[in-house]
Amino acid sequence: MKCPVTTLDNKTAGDIELSDSVFAQPVRKDILTRVVNWQLAKRRAGTASTQNRSEVTTSKTKIYRQKGTGRARHGSRNANIFRGGGVAHGPRPRSFAHDLPKKVRRLGLKVALSAKAAEGKLIVLDQAAAESPRTKELQKRLESMGVSNALVIGGEQLDQNFSLAARNIVGIDVLPQVGANVHDILRHDQLVLTKEAVQALEARLT
């Protein structure tokens with residue numbers, strides 16, 4: 001499939017042929033869900049922790065005699081039913097990450113790219129480069145292109161001026177092609193790829 005190529009000045013710079021195997025996949029919500037859940041699970045810190053009865057700093061002596069008091073039998077005050085005692089079955093540090101086959105991850109990225117192309121929200125840039133790191137100038141250029149909430153994916157190396165100018169614009173994120181991922185693509189309204197990024201993604205996914 002053909003896609004027009006534009007410049008940051010919103011001028012036409014020819015066309016590019018997009019691979020159907022990467023940008024024309026059927027949209028599968030089940031695959032997207034699996035990949036996004038896998039990404040978010042890996043991101044979780046898993047550092048929530050509570051102290052059990054062996055870890056709280058209380059006296060370990062028996063609080064009163066076993067018999068003759070008319071009250072329940074208890075040992076030390078670090079039991080979970082007492083204030084200041086340990087927590088029973090509380091959270092412990094753990095990893096929430098789980099495995100996902102590479103084929104599913106690769107297919108998820110293809111489906112995410114195809115979904116943006118099918119919605120008409122895929123823009124191909126000649127190159128993502130700016131003359132100066134001024135946010136105001138880049139913002140005007142993006143507004144002239146109709147880009148307000150987008151993920152911009154460049155080539156192997158990002159242009160430093162473009163990255164510095166874009167990082168202060170709300171709703172605009174910039175990533176190199178190696179960082180392209182399903183979650184970031186889906187959470188932005190538009191997807192902007194450079195020609196170099198298109199070639200790299202096609203080589204990576206085919």
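Residues numbered from 1 in each chain as written. Predicted model: local features only at pLDDT ≥ 70, side-chain atom pairs only at ≥ 80, totals over all residues. Heavy atoms only, no water.

- An unreviewed UniProt entry annotates the protein as Large ribosomal subunit protein uL4 of Rhodovibrio sodomensis.
- Looking at the Sequence similarities (unreviewed entry) heading of the UniProt record, one finds this comment for the protein: "Belongs to the universal ribosomal protein uL4 family."
- Listed in UniProt under the heading Subunit (unreviewed entry), the comment for the protein reads: "Part of the 50S ribosomal subunit." (UniProt positions renumbered as here; feature names shortened; annotations may be inferred.)

## Overview of the packing of helix α2 (residues 29–43) against helix α3 (residues 102–118)
Working step 1: At a minimum axis distance of 9 Å, the contact between α2 and α3 shows a crossing angle of 115°. With respect to each other, α2 and α3 are oriented roughly perpendicular. Of the two elements, α2 crosses α3, and the hand of that crossing is left-handed. Between α2, through Ile31, Leu32, Arg34, Val35 and Trp38, and α3, the contact on the second element is made entirely by Val104, Arg105, Leu107, Gly108, Val111 and Ala112. (Axes fitted to C-alpha atoms, helices over the stretch in contact; angles between N-to-C directions. Helix = DSSP H or I, 4+ residues; strand = E, 2+ residues; numbered from the N terminus. Parallel < 35°, antiparallel > 145°, perpendicular 65-115°, else oblique. Left-handed = near helix turned anticlockwise from the far one by under 90°. Contact = heavy atoms within 4.5 Å.)

## Notes on the pattern of salt bridges
Working step 1: For the structure shown, the criterion picks out eight salt bridges.
Working step 2: Across the pair Arg134 and Glu137 runs a salt bridge whose closest N-O atoms are separated by 3.3 Å.
Working step 3: Across the pair Asp173 and Arg187 runs a salt bridge whose closest N-O atoms are separated by 3.1 Å. With Asp173 in strand β5 (residues 172–175) and Arg187 in helix α6 (residues 182–187), this pair connects stretches of sequence that are 14 residues apart.
Working step 4: A relative accessible area of 31% means that Asp173 is categorised as partly exposed. (Salt bridge = Lys/Arg side-chain N within 4 Å of Asp/Glu carboxyl O. Buried < 20%, exposed > 50% of the residue type's maximum accessible area, 1.4 Å probe, protein only.)

## Comments concerning the packing of α3 against helix α7 (residues 195–205)
Axes are the key here: two packed helices are described by the angle between their axes and the distance separating the axes.
Working step 1: α7 packs onto α3 with a crossing angle of 145° between their chain directions and a minimal axis gap of 11 Å. Helix-helix and strand crossings are classified by hand; for α3 and α7 the assignment is left-handed. Each of Arg106, Leu109, Lys110 and Leu113 in α3 lies in contact with α7, whose residues at this interface are Leu201, Arg204 and Leu205.
Working step 2: Considered class by class, the residues forming the contact of α3 with α7 number four nonpolar, no polar and three charged. (Nonpolar A, V, L, I, M, F, W, Y, C, P; charged D, E, K, R; others polar.)

## Some words on the pairing of strand β6 (residues 190–194)
Working step 1: When you tally the buried positions in β6, you get five out of five residues, the bulk of the element.
Working step 2: Alternating residues of β6 divide into Gln190, Val192 and Thr194 and Leu191 and Leu193, and every residue in both groups is buried.
Working step 3: Bridge count for strand β3 (residues 122–125) against β6 is four bridges, and the pairing is parallel. Residue Ile123 lies in a different strand from β6, and its bridge partner there is Val192.
Working step 4: Two elements, strand β4 (residues 150–153) and β6, share four bridges in a ladder whose sense is parallel. Counted as the bridge partner of Val152 is Val192 from β6. (Pairing = 2+ DSSP bridges.)

## Brief notes about the sheet that holds strand β2 (residues 12–17)
Working step 1: Pairing in this open sheet of six strands is mixed, and the strands run β2-β1-β3-β6-β4-β5 from one edge to the other. Here the strands that pair on one side only, and so sit at the sheet edges, are β2 and β5. Sheet twist, expressed as the average angle between the axes of neighbouring strands with direction ignored, equals 30°.
Working step 2: Most of the contacts of α7 go to β6, to which it runs at about 90°, and overall it touches β1 (2–6), β2, β3, β4 and β6.

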